[in-house]
Amino acid sequence: MFDLIFIVPLLPLIAFTINGLFRNKLSKTVVQSLAVGSVGVSFVISVLLFVELIGLDPAARSITQVLFAWIPVGDLQLNIAYLLDPLSAVMILIVTGVGLLIHIYSIGYMAHDPDVKRFFCYMNLFMFAMLTLVLGDNLILLFIGWEGVGLCSYLLIGFWFEKKSAADAGKKAFIVNRIGDFGFLIGAFIIFWAAGTLQFNELRAVAPEMFVVGGSAITLATLFLFFGATGKSAQIPLYIWLPDAMEGPTPVSALIHAATMVTAGVYMIVRLNFLFVMAPDTMMVIAIVGCATAFIAATIGLAQNDIKRVLAYSTVSQLGYMMMACGVAAFTAGIFHLMTHAFFKALLFLGSGAVIHSMSNEQDMRKMGGLRKHIPITYKTMLVGTLAIAGFPLMSGFFSKDEILWKAFSSGQGHWALWLMGILTAGLTTFYMFRLVYLTFFGERRYDDHVAKHVHESPKSMTTPLIVLAALSVIGGLIGIPHALGGGAHFKKFLAPVMAAIPGETAHGGHHDMTMEYILMAIAISIFAAAWFLARYLYRMNIDKVTSLKASMAGIHKMLLNKYWVDEFYGAAIVRPIVNGSIFLWKIIDVLIIDGIANGLGYIARDMSQTFRRVQTGFVRGYMVAFLFGVVLIIGYLVVR
Amino acid sequence: MINITPLIPELFLLVMAIVVLMLDLFSSRRTVVVPAYVSMAAVIITGFLVFKFGGDAVRWGSNAIFVADSFSQFFKVIILGAAFLAIGSSFGTADRMTHHRGEFFALLLFSTVGMMFLVSAKELILLYVGLELTTIPLFVLVAYQKTNRASSEAGLKYLIIGAASSAILLYGLSLLYGYTGTTYLNEIAQKTAVYFLSHGFIPNAEGTTDLVGMGPAFSVALMMIIAGLTFKLAIVPFHMWAPDVYEGAPTPITAFLSVGSKAAGLAAIIRIFDGMLYAFSHDTMPNDSWGTMMAVLAAVTMVAGNIIAIRQTNIKRMLAYSSIAQAGYILIGVIAASKLGVASCGFYMFAYMFANMGAFAIVGLYAEKTGKKNISDFAGLSKTSPIIAALMTMFMLSLAGIPPLAGFMAKYYIFAAAIEAGYTWLVILALLMSVVSLYYYANVVRIMYMVDSDNKHHIIPSFPAGLVLALTGIGVLLFGILPQSILDMAYKTASSFIF
Amino acid sequence: MDIGLYHYLSLAAFLFAIGLYGILTRRNAIAILMSLELMFNAVNINLVAFNRFSGSDGLSGQIFALFVIAIAAAEATVGLAIVILIYRNWRSIDADRVNLLKW
C-alpha cells in the first residue's frame, strides 16, 4: 500500500499534462472529469494510506518512499523521496479532501467562464505542487513545491488577466512571495551549511549534535525560514498580498488562499519543529508576530465591506493564530487549527462565492441583505461556518482555538499577554463574522430589482460541497477534544511522534490544574457571547445606529477601512524613497523584485545588450581583429604575468 | 601490423557517407527520403559500433595515436546524437533543395567522422586532420543554400575565420612540436610534466629549459592552441563568427554546428588541457595562471553571450548568443580540472544536445511553415500548436537551467565541480548570468503563451521531425529527473584522466 | 654565417604575420584566401625546420607538413567555391560588402 504514496501527487500532474497539452481537442466535460477525477482518486488513496498508517505501531509511522536518487554526487545527497508520517498524512487528507470538494464546486462556479479548461489545468498543477510540498522528504523538494504553489497562485490570482486589478494583484503576490522565498533559501542554506543535510529525518537525528540550543546559527536559520513563512502564510510584514489575492476566482480563494497554500508556512515550521524548538528567540518572535497579525488583521476585518475581503483578513488573522501556536511550541494545536480552519474557511469562501454568484457578481455587503430566504442552503451552511470560526462551543473552531489559547497561556513559551490578545482577537472574529452574516442574510434587501430577478440558489455541484464542509466544520473538532473536557486528544497523540520536546523541559510538563483551563474556557465562551450579542445588537436590531457609531468613531473607522494605511505606508516608506533615492538602486530593485525574474536584469541589461550587440558589425575582418586582439591579450598576460 | 579495430566505427561511417553519396547518383532525384534514412541508420549503427569496439587504442610503436576510451565513447554518443537529430530535422530543408541532396547528408556524415577523430585523437597530426575534416564539410554545408545571400555570407565568414583560426592553431601546434620534439600527446605530456615539475609554471625569459630552450614560446603555443580550439566552442573573443553563421546557415546545420562541433572541440580541449597538461592544474590550482586566464574567458563569455542575447529579435541569432553563453558555462567545468569537472562537462554537453537540437528543430519547422524567424512571430503558438509550444517551453527552460529539466542538473554539476575546485566567484557570476538568461529564454515562453496574435499556422511536423521532437523532449525531461545513469557514465569517462 | 633554426623560425613568423596582415587589410576575398595560404606555409616552414634541427630522428614534422599542404589545398578549393558563390549572389567579392548579417 505504501508503494502508492507517489501516486497521490502524480495523478493531478498527469491530469494537468493531458489537459494542458490537449485542451484544444478535449471537450469541457472530459477536462473537468479528468481534473476532478484525478483529485478524487488521490483523495481515496490518501484515505487508504491514512488508514494503513494508523494500523502501524506509533513508532513505525514514518515511511519514506525513495523514488530515485536525484542529486547523488558531492556533499548534497538528495533523493526524490516522499515521506509519509502522521503530519504529512493529515496534510494530504486535508489537501486532497478539501481540494476535491472545491474542484467539484468549481464545476458549477466556473460553468460560464470561457476559459474553464485553463482554470482546471492550473488547479491540477496546484494540487500536484501542494502535495509535493507536504510529502517531500527534504527541504529542496519542499521548496520546489513551495515555488510551484506560488506560481499557481500567481497564475490563478491573475486568471482574469484582462482585468487590471487582477493582473496587479497577481504581480503583488508574486513580488511579496519572492521576498519571502529569499529568506527561505538563506535559511535553508544556513541549515545545510551547518548540518550537512536537508533531509528531514536526518536533520532531526543530527540537529541536537550540530546545533547549540539558542546558538546563533540555529537562530539565524530559523529566523530566515520564518521570514519565508511570513511571505507564504501572509504574516506581518508580508501579509499585504493576501487580501488583494481575492481578485482571483472564489474557488481559488477557498483552496489556495484559505485552506491549503497559505498554511504552507505553518506546515514548514511544524515540519521543522525540532529545529525551531532549539531557537527560543525565534519562537518568541514567531509568537509575537503571529499574535500581532491575528489581532491587527481582525481589527481591519471589522471595517471591510467587500465580503471576500472580510474573509481574507479573517484568514490572515487565523493564520496568525496558527503561527502563535507554533511560537508557543503548541505545534499540534497549530496543525489542529490548520485543519479545522481549512474546513470552515473553505466553507465560508465557497459560501461567499455562492452569494456572489447569486447576486450577479456583487461583492459589496452594503448592497446585499435579506438573502436568507432566497438562498437558504447557502445561508445555513455559512451560518455553521460562522459559528465554527467564532468558536461556538463544541464546534470544531472551539476546540482548536481553545487549545491554542490554553497553550499560549500555560506553555513555557507562553505569556498571559499572548492569551489576552488571542482572546480579544477571538471576540473581534466573532463580531465581524456575525456582522457579515447579518449584513448579507438579514435585514432589508439593499440591492436593485435587476439583481433581484436573478437571485437564485446555486446548483447542486456547488451546494453539495458546502453541506459536506459544514458537516466537517461541526464534527471536525471531535478528534481533538482535550483531556479537560473528557476527550482523548487523539489528534495530539497521533501527531506526537513528529513533534520534538522543548529542550530543557520535561515532555509533558506535569499535570496542570484543570481549574485554570475551565476558567479560561468560560472566559472565551462569554467573550464569544458578548461579541455575538454586540454584532446582533448593531447589525440586526439597530442597523441605523451603525451610521452614527461610524460617525462618532470616524477616525478609527477610517483607519480600519484603510487597513491602517499599511499599503500606503509601504508605498511611502519603502517604494518612494527608493524611487527618489537613486536611479541605480531603483533599477536594481526594479530588476530583482518588481519585474521579477521574468523581466530579467531589466533596463540596464537591455541597454548594455543594445550597446554590445553593435560590436558585431558584420564585417568579417572586424571579427578577425577581435580574434587576434584576444590572442595578443592573453599571450601578453601569460608572458608578462 | 597495426590493430585498427578501434577505428571500425569511424571507418564504417566513412564508407556509409560514400554510399550515401553514391545513392544520390543512382536513386531518383525526386526524393530526399532514401539518402536521409540511410544516413540516420548509418549513424545509429555507428553508435552501436562505438560501444562494440570501445576500450582499445590504435598504437604506433608504443604510443597511442587514436584511443577509443570511455571518454571518447561518451562524446561520440553526443556527436552521433547531434548528427542523428540534425539529419532528422533536415528533411524539410533538404526537400526544398533542387539538387545535391545526397551530398548534403554525405557532407554531414563526413563532418561527423571528423568530429569522432577529433575526440579520439592522441596525436597532433591526427588531431589536426580530424579538426579539418570536421570543419571543411561544414563550410560547404553552411553555404548550402546557394541562392540565399545570407547563407553564402555565412559560408564566407565561417570560412575566413575558421581557416584563420586553424592556421593559428596549427602555428601553435608547430611550436608545441618544436618545443617537445614529438607529436604524440602522451610524450608531450610526459615532457611538459617533467619540465614543469622541476621548473614551476610557464618559463620566463630567463628560464632555461632542457627541451628546446625557447621560454615564452611555450605560452604562445599554448595560447594559439587555446584560441584555435575555443573558436570551435565560440568562446569570447573568438566567438564573433557564431551569430552570423548561425543565423545564415540552414537551421539543421546551425543546430549541428552548435552541438556537434562544440562537443568535439570541447573534447579536444579537455584532452589537451585536463589530460595532457594536468601537471599545471594539479600542482598549482586554483591560482595558476592558465586556470585564471580560462576562468576570465569563461566569465567574459557568459556575460557577453547572455547580455547580448537579450536584445536579439531573430530567434536563431538569440539562440546563437545563448549557445555562446552556454559554452561559457561548459568552460567552467574544464577549468575545474577534476574528475567531477570532466564528468560535468560531459553531462552538460549531453543535456545541452537535447535542449538545443530540439529548440533549433522547432525553429526550423516554424520557419519552413511560415517563413518567419523572429521571436515575436512565435506569438500565439500555444493556441495553434500547444504541443510544440510546450516542447519549446521545455527546451527554453532547460537551457535556462530550471529544475527538474536536464539543463538544471547539468548546471548543478558544473557549479559543484567549480566550487570544489575553488572557483566560487565564477559560480556566483554564472548564477547571476543564468538569472539574466532567464530573461530571454522566458521571453520566448511569454510570447508563445501570453501574446495574442491572429497567427493561424498550425504546425504539424513530418514523421522524422516529430521523432526528433519526441526524442529531445523525452531527453530533456528524463535526464532531468533521472540523471543518475548518464552521470555514472560521465563520471567513468573521467577515469581516462589522471588528476 | 650559418643559417640556423632561428632564421627559419623568424622567416616563418614573418610569413605568418604577413598573412595575418593580409587578412586584416585586404577586402578582396581572393586576397584573403591567399593570405591564409601564407599562414599555412609559415606553419610548414616551422614544422620542417623543427624536424630538421630538433635532433630527433623521426620524420613526423615533415609528415605533418605534408598533411597541412594537402588540407590547405582542400580548404582553398572550398574557399574558392564559396567565393564564386558570393560573386553570384552579390556581384562582388568585396568582403566588406558582404554585410547582411550583423548585430
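Note that the structure is a prediction, hence the values are computed from the model and not measured.

## Some points on the side chain of Thr254(B)
Residue and element names in this part refer to chain B. Tracing the sequence through the fold places Thr254 in helix α11 (residues 251-276). A relative accessible area of 0% means that Thr254 is categorised as buried. Those residues in contact with Thr254, other than ones at most four positions away along the chain, are Tyr246, Ala249, Lys316 and Phe360.

## Section: the side chain of Glu10(B)
Considering the arrangement of structural elements, one finds Glu10(B) in helix α1 (residues 8-26). Ignoring anything within four residues of it in the chain, the contact list for Glu10(B) reads Phe66(B), Lys76(B), Val113(B), Met116(B) and Phe117(B).

## Focus: the pattern of salt bridges
Residue and element names in this part refer to chain B. One pass over the structure, following the stated rule, counts 13 salt bridges over all chains. Of the charged contacts, one joins Arg317 and Glu247 as a salt bridge, the two residues approaching to 2.7 Å between their closest N and O atoms. You can see Arg317 sitting in helix α14 (residues 315-336) and its partner Glu247 sitting in helix α10 (residues 241-248), a full 70 residues away along the chain. Like Glu247, Arg317 is buried.

## Observations regarding the interface of chain B and chain C
In this complex, chain B contributes 45 residues to the contact, which on the side of chain C involves 42 residues. When chain B packs against chain C, close to 3800 Å² is buried across both sides, 75% of that on carbon and sulfur atoms. The largest contributions to the chain B side of the interface with chain C come from Arg149(B), Tyr171(B) and Tyr177(B), which together make up 18% of the buried area. Elements with a contribution of two residues or more to the side of chain B that touches chain C: α6 (124-142), α7 (149-180), α10 and α14 of chain B. At 22 residues, α7(B) tops the list of elements feeding residues into the side of chain B that touches chain C.

## Considering empty space enclosed by the protein
Residue and element names in this part refer to chain A. Within this structure, the stated rule accounts for nine cavities of 30 Å³ or more. Looking at the largest cavity, its volume works out to about 130 Å³. Going through the elements one at a time, α17 (396-410), α18 (416-441) and α22 (514-541) are the ones with two or more residues in the lining of the largest cavity. Sort the elements by how many residues they give to the lining of the largest cavity and α17 lands first, with five residues.

## Side note on the interface of chain A and chain C
Across the boundary between the two partners, chain A contributes 12 residues, which contact 13 residues of chain C. Approximately 1100 Å² of surface area, both sides summed, lies buried where chain A meets chain C, with 58% of it carried by carbon and sulfur atoms. Summed over the three residues of chain A that lose the most area to chain C, namely Phe619(A), Arg621(A) and Leu628(A), the buried surface amounts to 46% of that side. The tally of links from chain A across to chain C stands at one salt bridge. Note that Arg621(A) and Asp96(C) form a salt bridge whose closest N and O atoms lie 2.4 Å from each other. Counting every contact that joins chain A to chain C gives three residue pairs in polar contact (both at pLDDT 80 or more).

## Notes on the packing of helix α6 (residues 164-195) of chain A against helix α8 (residues 216-232) of chain A
Residue and element names in this part refer to chain A. Packing of α6 against α8 brings their axes to within 7 Å, and their N-to-C directions diverge by 155°. Taken together, the axes of α6 and α8 are roughly antiparallel relative to one another. Of the two elements, α6 crosses α8, and the hand of that crossing is left-handed. Contacts from Asn177, Ile179, Gly180, Gly183, Phe184, Ile186, Gly187, Ala188, Ile190 and Ile191 in α6 reach Ala217, Leu220, Ala221, Phe224, Leu225, Phe227, Gly228, Gly231 and Lys232 in α8. Across the contact of α6 with α8, the residue classes break down as 12 nonpolar, six polar and one charged.

## So, helix α7 (residues 200-210) of chain A
Residue and element names in this part refer to chain A. When we look at burial in α7, the residues that qualify are Phe200, Leu203 and Ala207. Each buried residue of α7 sits inside an arc of 45° when the element is viewed along its axis, so together they form one side. Turned more than 90 degrees from where α7 packs its buried face, Pro208 and Glu209 sit exposed. Where α7 is buried, its residues contact β2 (78-84), α5 (139-157), α6, α11 (264-271) and α12 (273-276).

## Structural notes on a nonpolar patch on the surface
On the surface, Leu10(A), Ile14(A), Ile18(A), Phe22(A) and Ile387(B) cluster together to form a nonpolar patch covering roughly 340 Å² of accessible area. For the nonpolar patch, the element with the most residues is helix α1 (residues 7-22) of chain A, which contributes four residues. If you trace the backbone, Ile387(B) turns up in helix α17 (residues 386-400).

## Brief notes about the confidence of the model for chain B
The predicted coordinates of low-pLDDT regions are not to be read in fine detail. Residues and elements named next belong to chain B. Residues with a pLDDT of 70 or more make up 90% of chain B, whose mean pLDDT is 84. Counting contacts from residues 200-214, a segment whose pLDDT is below 50, to residues more than four positions away or on other chains yields 33 contacts. The low-confidence segment residues 279-287, where pLDDT is below 50, has 19 contacts with residues more than four positions distant or belonging to other chains.

Each value, and the rule that gives it
Residues numbered from 1 in each chain as written. Chains lettered and ligands numbered in written order. Predicted model: local features only at pLDDT ≥ 70, side-chain atom pairs only at ≥ 80, totals over all residues. Heavy atoms only, no water. Helix = DSSP H or I, 4+ residues; strand = E, 2+ residues; numbered from the N terminus. Buried < 20%, exposed > 50% of the residue type's maximum accessible area, 1.4 Å probe, protein only. Contact = heavy atoms within 4.5 Å. Salt bridge = Lys/Arg side-chain N within 4 Å of Asp/Glu carboxyl O. Buried area = accessible area lost by both parts, 1.4 Å probe. 1 Å grid on protein atoms, 1.4 Å probe; cavity = no way out; pocket = protein on both sides within 12 Å on 5 of 7 lines; lining within 4 Å. Points joined across faces, edges and corners; volume = space filled by probe spheres on them. Polar contact = N/O pair within 3.5 Å; in protein donor to acceptor, adjacent residues only side chain to side chain. Axes fitted to C-alpha atoms, helices over the stretch in contact; angles between N-to-C directions. Parallel < 35°, antiparallel > 145°, perpendicular 65-115°, else oblique. Left-handed = near helix turned anticlockwise from the far one by under 90°. Nonpolar A, V, L, I, M, F, W, Y, C, P; charged D, E, K, R; others polar. Arc of directions from axis to C-beta. Patch = residues over 30% accessible without salt bridge, like charges linked within 9 Å, V, L, I, M, F, W, Y side chains within 5 Å. Areas by Shrake-Rupley, 256 points an atom, 1.4 Å probe, with all protein chains shown as cover. pLDDT = per-residue confidence, 0-100.

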